[in-house]
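# Understanding the architecture of this molecule
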Amino acid sequence: MAGVAADAVASTAEDREPQREAMPGLESQRRQIENSESGRERPLQAGESWFLVEQHWYKQWEVYVQGGDQDSSTFPGCINNAKLFEDQVNWNLKKGLVEGEDYVLLPAAAWHYLVSWYGLKHGQPPIERKVVELPGIQKVEVYPVELLLFQHSDMGTPHTAQFSHTDSLDLVLHTARERFLASPQEETRLWIKHSDGSFERLCNTHVTVLDARLKTGQVIVMETRNKDGAWPSAKQYVMKSVSKEDEDFQGQPGVCGLTNLGNTCFMNSALQCLSNVPQLTEYFLNNRYLEELNFCNPLGMKGEIAEAYADLVKQAWSGHHCSIVPHVFKTKVGHFASQFLGYQQHDSQELLSFLLDGLHEDLNRVKKKEYVELCDAAGRPDQEVAQEAWQNHKRRNNSVIVDTFHGLFKSTLVCPDCGNVSVTFDPFCYLSVPLPVSPKRVMEVFYVSMDPRRKPEQHRLIVPKKGKISDLCVALSKHTGVQPDRMMVADVFSHRFYKIYQLEDSLNSILDRDDIFIYEVSARAGTGEGIREDVVLPIYLRERSPARDFNSSYYGLMLFGHPLLLSVPRDRLTWDALYHILLYRLSRYVARPSSDDEDDGDEKGDTENKGSIAKSGQTAGGSLQDPGPEQAGPSSGVVGRNRAPADNSPGPSNWPQRSRRKQLFTLQTVNSNGTSDRMTFSEDGHGVSFSSQPYIAIDWEPEMKKRYYDEVEAEGFVKHECVSYVLKKAPVRLQECIELFTTVETLEKENPWYCPNCKQHQLATKKLDLWMLPEILIIHLKRFSYTKFSREKLDILVEFPIRDLDLSEFIIKPRSESDPDLYKYDLIAVSNHYGGLRDGHYTTFACNKDSGQWHYFDDNSVSPVTEDEVESKAAYVLFYQRQDVARRLRSQPDLSGPPEPPACGSPPSSESMDVN
């Protein structure tokens with residue numbers, strides 16, 4: 001035994017001999033390890049490394065240095081952490097180790113001292129741990145987060161990896177790419193798989209494992225983008241009926257249609273235009289957007305709009321699709337902009353505006369926006385003020401969208417009272433330019449003559465846009481020869497008068513879709529005593545329903561045909577006279593009964609008519625009261641909406657009881673809606689009195705209407721020769737629209753300017769001038785005009801150049817002759833709108849950045865076109881590229897496609913994932 005002990009001491013001495021020579025004194029060792037700034041007592045700092053040392057070895061070392069004898073038998077030997085490991089192969093740390101019982105923690109400097117003095121057991125790895133800063137505390141992370149890494153295509157083979165809470169998700173992704181041998185060209189992303197089987201995207205890879213709330217045992221899945229630009233998890237949105245030919249499709253990158261999801265042509269048009277902006281598409285294809293995604297911008301969409309757009313661009317420019325389904329993008333847009341929810345038709349320019357703003361905020365390089373005070377020029381030189389404004393703009397807004405689409409214009413406001421001039425410089429993303437508007441308007445009307453033999457005539461009239469109803473009558477008078485004062489204008493809707501216009505009413509209140517009827521009425525000489533005057537009565541046509549189970553006659557009567565405005569002389573205002581006047585006016589399509597038919601009025605017919613005639617006879621016993629000053633009288637030529645013409649002279653009170661002869665129809669007083677109005681009269685000993693002038697309804701029995709009423713003839717009309725007249729609209733040049741944009745205008749009453757000098761709001765004059773133009777100039781042609789009473793689309797042809805659009809004449813910034821191309825542009829895309837205000841269709845013309853070929857994009861259909869086909873009346877939004885930018889892009893060697901192509905015209909998201 002003594003020999004064995006001697007051999008052991010000799011062996012220990014041999015092991016420690018090399019270290020001993022470099023060892024400081026024992027007291028010096030103790031101070032360096034325990035008491036100095038590099039020792040155990042130093043405070044923790046986030047991010048630094050600390051090391052675990054087995055407790056028994058460290059206690060042995062403490063005994064050794066405290067003994068003061070370097071040759072003592074208490075020498076601890078090499079550092080041995082074997083008791084801290086589960087095995088000697090993977091060197092995994094045992095679970096449940098406790099500081100002070102199983103191990104001690106040493107800062108990096110103290111650990112390196114001990115290793116240099118005593119060495120580390122051969123083969124053992126150092127147990128290094130990071131100091132992490134948790135909410136309210138800093139601690140050494142003894143147990144890092146252990147994640148299970150999977151590849152989306154192989155969910156059966158896990159790879160275990162450990163990460164500190166302070167490690168970024170970039171390191172997790174980098175580790176996963178290394179484990180799964182992903183090539184540098186492959187694009188990958190991470191998902192979390194929860195215990196319930198659901199998945200969540202790890203969008204922001206710049207956050208730490210702690211911020212992402214990853215825990216030990218969490219399943220992380222790495223997904224690799226397909227060669228066609230689509231993610232495997234997005235396959236659920238692609239139509240399942242994909243043929244083998246479609247899978248093997250290889251076409252020109254960028255020549256790819258977009259499926260219409262239901263009234264989404266406006267979105268497809270905007271996307272196709274934006275997709276054909278070369279520098280923006282290259283930015284996404286080369287993944288430069290990944291480093292600039294801004295997930296914490298409160299004005300942004302957490303990077304989701306930018307990622308959804310990037311996915312579309314990668315698919316469209318992969319060359320593996322003839323068309324794609326933008327379902328995910330549509331969902332994202334609806335999520336962040338509720339106005340685009342559902343499948344209603346919208347404006348492509350409005351979607352484009354939202355998309356550019358969303359991409360800008362999602363890719364804004366400014367992570368924390370500072371407050372910037374806007375300053376007026378205050379007499380300073382324009383160049384100084386413009387430079388200051390642009391720098392202030394870039395301090396808060398710095399993205400690829402600003403680099404590509406933002407320009408600067410000068411705004412000048414002049415107070416009309418004190419002459420104070422305010423000059424500011426404001427950025428713009430696109431120019432909304434007005435179109436020259438014609439002061440004339442074309443209106444279609446139906447003219448109804450007093451001559452019963454003449455069919456209604458359709459007329460197309462040219463009237464002032466800001467005119468009155470009297471102007472409409474004057475225009476019609478030139479075609480008919482009837483004096484304007486013998487006309488009444490009404491809006492007919494659903495067989496009744498929706499509105500009967502006053503002569504002074506504005507034409508703006510009439511929409512193009514309204515059915516306007518102009519009736520000839522008799523001349524009215526006035527209201528003086530002894531002067532004959534006619535009364536104008538609104539006449540409705542009603543048919544009694546064959547159903548007999550209604551409690552009220554109102555429910556059993558249905559309006560039909562076109563209403564009339566009938567002139568009746570006051571001295572003939574009796575029920576019998578009115579019946580015969582109506583027979584005369586309706587004689588073109590209502591046949592008179594023969595003498596045999598009249599004699600055939602048997603008791604049944606008389607009995608059927610007795611009740612209605614008697615009831616009408618009671619009505620005939622009433623007298624009209626003064627309706628009040630708020631109603632229009634006959635002398636005005638019109639009556640108000642939902643009101644009958646007023647009449648102060650004796651009326652139905654003088655109408656005698658009608659005879660009980662067989663009649664084709666009966667007459668009934670109704671309200672303006674054509675329904676029986678029982679509340680407008682009261683009954684006393686002198687008869688029935690009305691509170692307002694009644695409308696008259698002609699009530700038909702079904703059998704009588706079938707025998708005597710000719711519906712085909714009643715609906716017939718003729719077209720006046722003026723209907724073929726088309727208001728010629730001369731084409732305008734794009735430069736004229738831009739000139740209108742820069743013209744001085746006076747602010748509207750709804751939008752006054754507060755003059756700091758006058759201290760009150762003023763209707764100042766305003767002028768906009770272009771100062772600096774962007775690389776891509778978007779010009780929005782304001783074809784849709786909206787006012788309080790009218791809406792219209794201007795479909796005039798705007799002539800715009802495909803090449804060499806020179807805007808130098810509109811730039812007021814002083815410029816040098818060395819930069820002539822800063823104001824010359826070539827067209828690269830056009831968003832078109834076909835149709836009117838309520839319906840329409842959007843398409844796109846775009847020039848491919850690689851081939852230089854123009855294509856026509858109509859949803860999922862794409863066809864090549866020539867430059868001559870691009871200009872049309874449908875052009876709505878124009879995309880121009882500056883010529884110097886086009887040359888710069890063509891000279892770059894990393895552009896996809898053939899070199900020197902021809903110039904065009906020169907926190908986790910809620911996405912889901914399916915895993916095989």
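Now for a quick tour of the structure.

Rules of the game
Residues numbered from 1 in each chain as written. Predicted model: local features only at pLDDT ≥ 70, side-chain atom pairs only at ≥ 80, totals over all residues. Heavy atoms only, no water. Pairing = 2+ DSSP bridges. Helix = DSSP H or I, 4+ residues; strand = E, 2+ residues; numbered from the N terminus. Phe/Tyr/Trp six-rings, centres within 6.5 Å; stacked < 30°, edge-to-face > 60°. Buried < 20%, exposed > 50% of the residue type's maximum accessible area, 1.4 Å probe, protein only. Lys NZ or Arg CZ within 6 Å of the ring centre and 35° of its normal. Salt bridge = Lys/Arg side-chain N within 4 Å of Asp/Glu carboxyl O. Axes fitted to C-alpha atoms, helices over the stretch in contact; angles between N-to-C directions. Parallel < 35°, antiparallel > 145°, perpendicular 65-115°, else oblique. Left-handed = near helix turned anticlockwise from the far one by under 90°. Contact = heavy atoms within 4.5 Å. Nonpolar A, V, L, I, M, F, W, Y, C, P; charged D, E, K, R; others polar. Polar contact = N/O pair within 3.5 Å; in protein donor to acceptor, adjacent residues only side chain to side chain. Core = buried A, V, L, I, M, F, W, Y, C linked by side-chain atoms within 4.5 Å.

## Some points on the sheet that holds strand β13 (residues 421-428)
- Within the open sheet, the four strands sit side by side as β13-β12-β32-β29. Their pairing is antiparallel. Because the sheet does not close on itself, it has two edges, and the strands there are β13 and β29 (745-746).
- Pairing geometry for strand β12 (residues 407-414) and β13, over eight bridges, is antiparallel. Of the residues in β13, the one forming a bridge with Leu 408 is Pro 427.

## Section: the packing of aromatic side chains
- This structure, assessed with the given rule, holds 29 aromatic pairs.
- Aromatic pair Phe 493 and Tyr 498: ring centres 6.4 Å apart, planes at 75 degrees, arrangement edge-to-face.
- Look at Tyr 498 and you get partly exposed, because its relative accessible area is 37%.
- Aromatic pair Phe 784 and Tyr 876: ring centres 5.4 Å apart, planes at 80 degrees, arrangement edge-to-face. With Phe 784 in strand β34 (residues 784-786) and Tyr 876 in strand β42 (residues 875-882), this pair connects stretches of sequence that are 92 residues apart.
- A relative accessible area of 15% means that Phe 784 is categorised as buried.
- An aromatic cluster of three or more residues is present, and its members are Phe 446, Phe 497, Phe 517, Tyr 519, Tyr 540, Tyr 695 and Phe 717.
- Seen from the ring of Tyr 343, Lys 330 lies directly overhead, with NZ or CZ sitting 4.7 Å from the centre.
- Here Lys 705 stacks its cationic end above the ring of Phe 560, 4.7 Å away from the centre of that ring.

## Overview of the pattern of salt bridges
- The final tally for this structure, using the stated rule, is 34 salt bridges.
- One salt bridge connects Glu 62 with Lys 59, and the closest N-O pair in it is separated by 3.6 Å. Here Glu 62 pairs with Lys 59, and both are found in helix α3 (residues 55-67), just three residues apart, close to one helical turn.
- Given a relative accessible area of 13%, Glu 62 falls into the buried group.
- Overall, the relative accessible area of 42% leaves Lys 59 in the partly exposed class.
- With its nearest N and O atoms 2.5 Å apart, the salt bridge here joins Lys 767 to Asp 769.
- Accessibility expressed as a relative area gives 26% for Lys 767, which makes it partly exposed.
- Residue Asp 769 is classed as buried on the basis of its relative accessible area of 12%.

## Side note on the pairing of strand β15 (residues 440-448)
- When β15 meets strand β16 (residues 457-464), the two strands line up antiparallel, connected through eight bridges. Bridge pairing in β16 links Tyr 447 to Glu 457.
- With three bridges joining them, β15 and strand β19 (residues 516-520) adopt parallel strand pairing. Bridge pairing in β19 links Phe 446 to Phe 517.

## Description of the packing of helix α9 (residues 304-316) against helix α11 (residues 348-362)
- In contact at an axis separation of 8 Å, α9 and α11 are set at 110 degrees when each is read in the N-to-C sense. With respect to α11, the element α9 is oriented roughly perpendicular. Where α9 crosses over α11, the handedness of that crossing is left-handed. Residues Glu 304, Ile 305, Ala 306 and Tyr 309 of α9 form the contact with α11, whose participating residues are Phe 354, Leu 355, Gly 358, Leu 359 and Asp 362.
- Class assignment of the residues belonging to the contact of α9 with α11 gives a composition of six nonpolar, one polar and two charged.

## Here's the deal with the sheet that holds strand β7 (residues 188-193)
- With mixed pairing, the five strands of this open sheet are ordered in space as β6-β5-β9-β7-β8. Strand pairing shows two members of the sheet lacking a second neighbour, β6 (154-163) and β8 (199-201), which therefore form its edges. Taken over all neighbouring pairs, the strand axes of this sheet differ in orientation by 35 degrees on average, direction set aside.
- Across six bridges, β7 lies against strand β9 (residues 219-224) in antiparallel orientation. Across the sheet, residue Leu 190 finds its bridge partner in β9, namely Met 222.
- Packed on one face of the sheet, helix α5 (residues 169-179) meets β5 (145-151), β6, β7 and β9 and runs near 130 degrees to β6.

## Let's talk about the environment of Ala 108
- Residue placement: Ala 108 occurs in helix α4 (residues 108-118).
- For Ala 108, a relative accessible area of 25% puts it in the partly exposed group.
- Each C-alpha atom of the pair Ala 108 and Gly 39 lies 8.8 Å from the other, and the pair is 69 residues apart in sequence.
- Residues contacting Ala 108, with those up to four places away along its chain left out, are Ser 49 and Phe 51.

## Remarks on the side chain of Arg 225
- Along the chain, Arg 225 turns up in the loop between β9 and α6 (244-247).
- On the basis of relative accessible area, Arg 225 is assigned to the buried category, the value being 11%.
- In terms of polar contacts, Arg 225 uses its side chain to reach the backbone carbonyl oxygen of Gly 229, at 2.7 Å.
- In this structure the side chain of Arg 225 is engaged in a polar contact, spanning 3.0 Å, whose partner is the side chain of Asp 311.
- Apart from the residues within four sequence positions on either side, Arg 225 is in contact with Glu 187, Ala 230, Trp 231, Tyr 289, Asp 311 and Lys 314.

## Describing the nonpolar core
- Core analysis: the largest hydrophobic core is formed by 54 residues, its most contacted members being Leu 274, Phe 284, Tyr 309, Phe 405 and Phe 879.
- The element best represented in this core is α9, accounting for eight residues.
- Setting aside chain neighbours within four positions, we find Leu 274 in contact with Leu 280, Thr 281, Tyr 309, Leu 352, Leu 355, Leu 356, Leu 359, Phe 405 and Phe 879.
- Judged by nonpolar contacts, the second largest core, of 45 residues, contains Tyr 519, Val 535, Ile 698 and Met 704.

## Considerations on the packing of helix α8 (residues 278-285) against α9
- One way to put it is that α8 packs onto α9 with a least axis distance of 9 Å and a crossing angle of 100 degrees. Taken together, the axes of α8 and α9 lie roughly perpendicular to each other. Residues Leu 280, Thr 281, Phe 284 and Leu 285 of α8 pack against Ala 306, Tyr 309, Ala 310, Val 313 and Lys 314 of α9.

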